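Structure assessment
Listed below are the residues making up each chain.
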Amino acid sequence: MFRTRFAPSPTGPLHLGHAYSAILAHDMAKAAGGAFLLRIEDIDRARSRPGWEAQIYDDLRWLGLDWPEPVRRQSDHLPDYRAVLARLWHQGLIYPCTCNRRDIEAAIAAPQEGATLPAGPDGLIYPGTCRGKPRDPSQPLPEGAALRLDMARALAGSGPALGFTETGQGATGETGWQAFTSTDVITTIGDVVLARRDMGTSYHLSVVLDDAAQGISHVVRGADLFEATRIHVVLQGLLGLPTPVYHHHRLIRDEAGKRLAKRDDARAIATYREQGATPGDIRAMVGL
Ligand code: GLU
Ligand code: ZN
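From a predicted model like this one, the values you see are computed outputs, not experimental measurements. Each chain has its residues counted from 1, running along the sequence as written. Chains carry letters from A onward and ligands carry numbers from 1 onward, assigned in written order. Owing to the predicted nature of the model, reporting of local features is limited to residues with pLDDT of at least 70; listing and counting of side-chain atom pairs is limited to 80 or more, with chain, interface and lining totals taken over all residues. Side-chain metrics in this entry use all non-hydrogen atoms of the structure; hydrogen atoms and water are not considered.

Focus on the pairing of strand S1 (residues 3-6)
Note on pairing: DSSP must find at least two bridges between two strands before they are called paired. For helices the rule is a DSSP run of H or I covering at least 4 residues; for strands it is a run of E covering at least 2, with both sets numbered from the N terminus onward. Two strands pair when backbone bridges link them, and S1 and strand S2 (residues 35-40) are joined in this way by four bridges, in the parallel orientation. Within S2, the residue paired with Arg5 across the bridge is Leu37. Handedness of a crossover is defined as follows: orient the strands so they point away from the viewer, and if the path from the first strand over the helix to the second runs clockwise, the crossover is right-handed. Of the crossover connections in this fold, the one passing from S1 over helix H1 (residues 16-31) to the parallel S2 is right-handed.

Following this line, the structure appears as C-alpha cells:
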C-alpha cells in the first residue's frame, strides 16, 4: 500500500516549490491507488501562525488536492516526542548540551586553525564538549536544555551497514539503494540535536515519529532533505520503526537559479491566484 504525505510548516505562504512537492506526492499516491496525507509541522511555535495554516488548506484545496481528516498537527503531539526523549535519556543515549554556536565554533576552530568548519546535514559537526559531563539517567529527562544524541552509542547496537531505497534523486543524482556505515554517520553527521531548547523536540525526531505514526510507506520531498535522510534512518533503527522508501525530487528555482524561500512572496501560490492563474497554470509552471 502506497501511503505518502505532504508536511509543510505554517511559517509563511506556500510557493511554487511547495505546490510541486504536494501535487507530485498527491499524483503518485493516486497513480498507485494509495493515500495522500497532510501533516502540519508546527513545532516551531515562534514562527508558526494559524493564518498560514489556514492559507495552506485553502491553497491546496484550490490546487485540487484532497486528504483525509483530521490532519495531524505536530504541536498536538509534544508529549509523545518528550516520552520518546525520556526513553532515550534513561537508556543513556542523549545528553543535555548548553553550547551556543559560538562555543561550538570555538571548540572546533582551535585544532582546525582557520580551515572551513566541518558541517553535516544538521549543521556544524558537534565537537562533543558536553558529552562527557556527568549525568544521571535515572533522574527525570532534563528540561530547558537542548538534548543531543550520543551518535556513537546510538549506533553501537546496529550492524555496520545502513541504508535506504531512493526512488527519486538526491542533490547530485543519487538513486537506488543508498548504503552508508555507522562510521560515516559518526564522522560526517555526529551528535545531532534531538530536542531544541526552545521547541522541546526537533524536526528530525518529530518527522521520524510522525511518518511511522501515520504509516507512511513513501516519503516524497525536496532533494534538499536527501542528506538528512541518513539521520532519519538512524533514528528509525534506534526506535524500532520501519524505514519508508524515499523519493526526493528536484527543487523549483527562480530565474536566477536560486531555490525559492518562504519569504519569496512573488512566487506564493496566493499571489498567482490573485493574478488570475488557474491550478492548471501552476501545474504547467512547475512542469507537471
Ligand atoms: N516540514 C518540512 C518543510 O517544511 C518538510 C519535512 C519533510 O517533508 O520531511 O520543509
Ligand atoms: Zn554542548
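Considerations on the sheet that holds strand S3 (residues 72-73)
Spatial strand order, S1-S2-S3: three strands in an open sheet with parallel pairing. The sheet is open, and its two borders are formed by S1 and S3, each paired with just one other strand. Packed onto the sheet, helix H2 (residues 50-62) meets S1, S2 and S3 and runs at close to 160° relative to S2. Residues are treated as being in contact if the distance between any of their heavy atoms lies within 4.5 Å. Note on geometry: axes are C-alpha line fits, over the in-contact stretch for helices, and angles between N-to-C directions span 0 to 180 degrees. With respect to the sheet, helix H7 (residues 203-213) is in contact with S1, S2 and S3, its orientation differing from that of S2 by roughly 145°.

A closer look at H2
Given a helix with a known number of residues, its expected span is that number minus one, times 1.5 Å. The first and last C-alpha atoms of H2 sit 18 Å apart over 13 residues, in line with the 18 Å expected at 1.5 Å per residue. Three labels apply to residues, based on accessible area from a 1.4 Å probe with only protein chains included: buried if under 20% of the type maximum, exposed if over 50%, partly exposed otherwise in between. Those residues of H2 that sit buried are Glu53, Ile56, Tyr57, Asp59 and Leu60. Buried residues in H2 make contact with S1, H1, S2, S3 and helix H9 (269-274). Residue Gly64 follows H2 closely and has a positive phi angle near 95°.

Notes on the packing of aromatic side chains
Within 6.5 Å between ring centres, the rings of Phe, Tyr and Trp (the latter by its six-membered ring) count as paired, and their orientation is classed by plane angle as stacked under 30 degrees, edge-to-face over 60, tilted in between. By the definition in use, this model includes four aromatic pairs. For the pair Phe164 and Tyr246, a centre-to-centre distance of 5.6 Å together with 80° between the ring planes defines the contact as edge-to-face. Pair noted here: Phe164 is in strand S8 (residues 161-166) and Tyr246 is in strand S12 (residues 245-249), with a separation of 82 residues, a long-range link. For the residue pair Phe164 and Tyr246, the accessibility class agrees, reading buried in each case. One aromatic cluster is present, formed by Phe164, Phe226 and Tyr246 through successive ring pairs. Think of it as a cone above the ring: NZ of Lys or CZ of Arg counts as a charge over the ring if it is within 6 Å of the ring centre and within 35 degrees of the ring normal. The ring of Tyr126 is capped by Arg148, whose NZ or CZ atom sits 3.8 Å from the centre of that ring. The positively charged end of Arg250 is found above the aromatic ring belonging to Tyr20, 4.4 Å away from the centroid.

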